[in-house]
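Survey of secondary and tertiary structure
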Amino acid sequence: MMIKPDAVENGHIGNILEKVTTAGFKIKALKMTQLTQRDAELFYAVHKERPFFGELVAFMTRGPILAAYLEKENAVSDFRTLIGATNPAEAAEGTLRKLYATSMGENALHGSDSDENAAIEAAFHFAERECF
Ligand code: CMP
């Protein structure tokens, strides 16, 4: 997962991590960092033909993010339930995006969409010796 620049700027790191761990996710790795233009373009390469790609890269590089590698049974689907819909206007009550996101683009959190992508994204952010 990533806590995106909007949620970091708005001071939500502590509240989000508290809710994530209370929901049963174990933190295997954690890092505050700032993505470069190249990092964001690589991370979101699947979206490069989308009209919002430039806006997405500008947003994701404008300030620090918090990357976390999480572990749980059914982690991908349970995390997507916890964070809610991509568009916070459509996110269910109590979800992290309902609580902390402000728009479709500035939606506070990223969660991996499959186990395969979770492994790729964990390797993108963390060296093996940073994972516990
Ligand atoms: P995320 O789950 O990180 O995956 C892709 C991101 O693209 C998504 O969250 C949003 O931040 C962004 N995104 C998706 N759709 C739109 C859109 N229509 N306009 C702007 N940003 C979008």
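The present account deals with the structure reproduced in this document. Small disclaimer: the values here were computed from a predicted structure and weren't measured.

What counts and what doesn't
- Residues numbered from 1 in each chain as written.
- Predicted model: local features only at pLDDT ≥ 70, side-chain atom pairs only at ≥ 80, totals over all residues.
- Heavy atoms only, no water.
- Helix = DSSP H or I, 4+ residues; strand = E, 2+ residues; numbered from the N terminus.
- Rg over C-alpha atoms; globule rule 2.2 N^0.38 Å.
- Buried < 20%, exposed > 50% of the residue type's maximum accessible area, 1.4 Å probe, protein only.
- Areas by Shrake-Rupley, 256 points an atom, 1.4 Å probe, with all protein chains shown as cover.
- Lys, Arg positive; Asp, Glu negative; His and termini not counted.
- Charge placed at Lys NZ, Arg CZ, Asp CG, Glu CD.
- Pairing = 2+ DSSP bridges.
- Contact = heavy atoms within 4.5 Å.
- Axes fitted to C-alpha atoms, helices over the stretch in contact; angles between N-to-C directions.
- Arc of directions from axis to C-beta.

1. A closer look at the overall build of the protein chain
A tally of helices and strands in the protein chain yields seven helices and four strands. Going residue by residue from the N terminus, the α and β elements of the protein chain occur as β-α-α-β-α-α-β-α-α-β-α. The C-alpha atoms of the protein chain give 14 Å as radius of gyration, which agrees with the globular expectation for 132 residues (14 Å, within 12%). Considering the protein chain as a whole, with its 132 residues, one finds that 41% of them fall into the buried category. Accessible surface for the protein chain amounts to roughly 7300 Å². Of this, 51% is attributable to carbon and sulfur atoms. Treating the 14 positive side-chain charges of the protein chain as one cloud and the 19 negative ones as another, the clouds have centres 2 Å apart.

2. What to know about the sheet that holds strand S2 (residues 26-33)
The strand order across the open sheet formed by four strands is S2-S3-S1-S4, and the pairing between neighbours is antiparallel. Strand pairing shows two members of the sheet lacking a second neighbour, S2 and strand S4 (109-110), which therefore form its edges. Pairing analysis gives two bridges linking strand S1 (residues 2-3) to S4, with the strands arranged antiparallel. Bridging across to S4, Met2 finds its partner in His110. On top of the sheet, helix H7 (residues 115-125) reaches S1, S2, strand S3 (65-71) and S4; it is set at about 130° to S3, its chief contact.

3. Looking at helix H2 (residues 13-22)
Regarding H2, the residues found buried are Ile16, Leu17 and Val20. End-on, the buried residues of H2 take up no more than an arc of 95°, which puts them together on one face. Where H2 terminates, the next one or two residues include Gly24, which has phi positive at roughly 100°.

4. Some remarks on unusual backbone geometry
The phi angle at Asn74 is positive, at roughly 50°, despite the residue not being glycine. Locating Asn74 in the fold gives a position in the loop between S3 and helix H5 (75-83). A positive phi angle, close to 70°, is found at Ala108, a residue other than glycine.

5. Examining the environment of Glu93
Note that Glu93 resides in the loop between H5 and helix H6 (96-100). On a C-alpha basis, the gap between Glu93 and Val20 in space is 16 Å, while along the polypeptide they are 73 residues apart.

6. Some words on H5
Those residues of H5 that sit buried are Ala75, Val76, Phe79, Leu82 and Ile83. Along the long axis of H5, the arc covered by the buried residues comes to 125°, so they all point the same way. Where the residues of H5 are buried, they touch H2, S3, H6, S4 and H7. One or two positions beyond H5, positive phi appears at Gly84, with a value near 90°.

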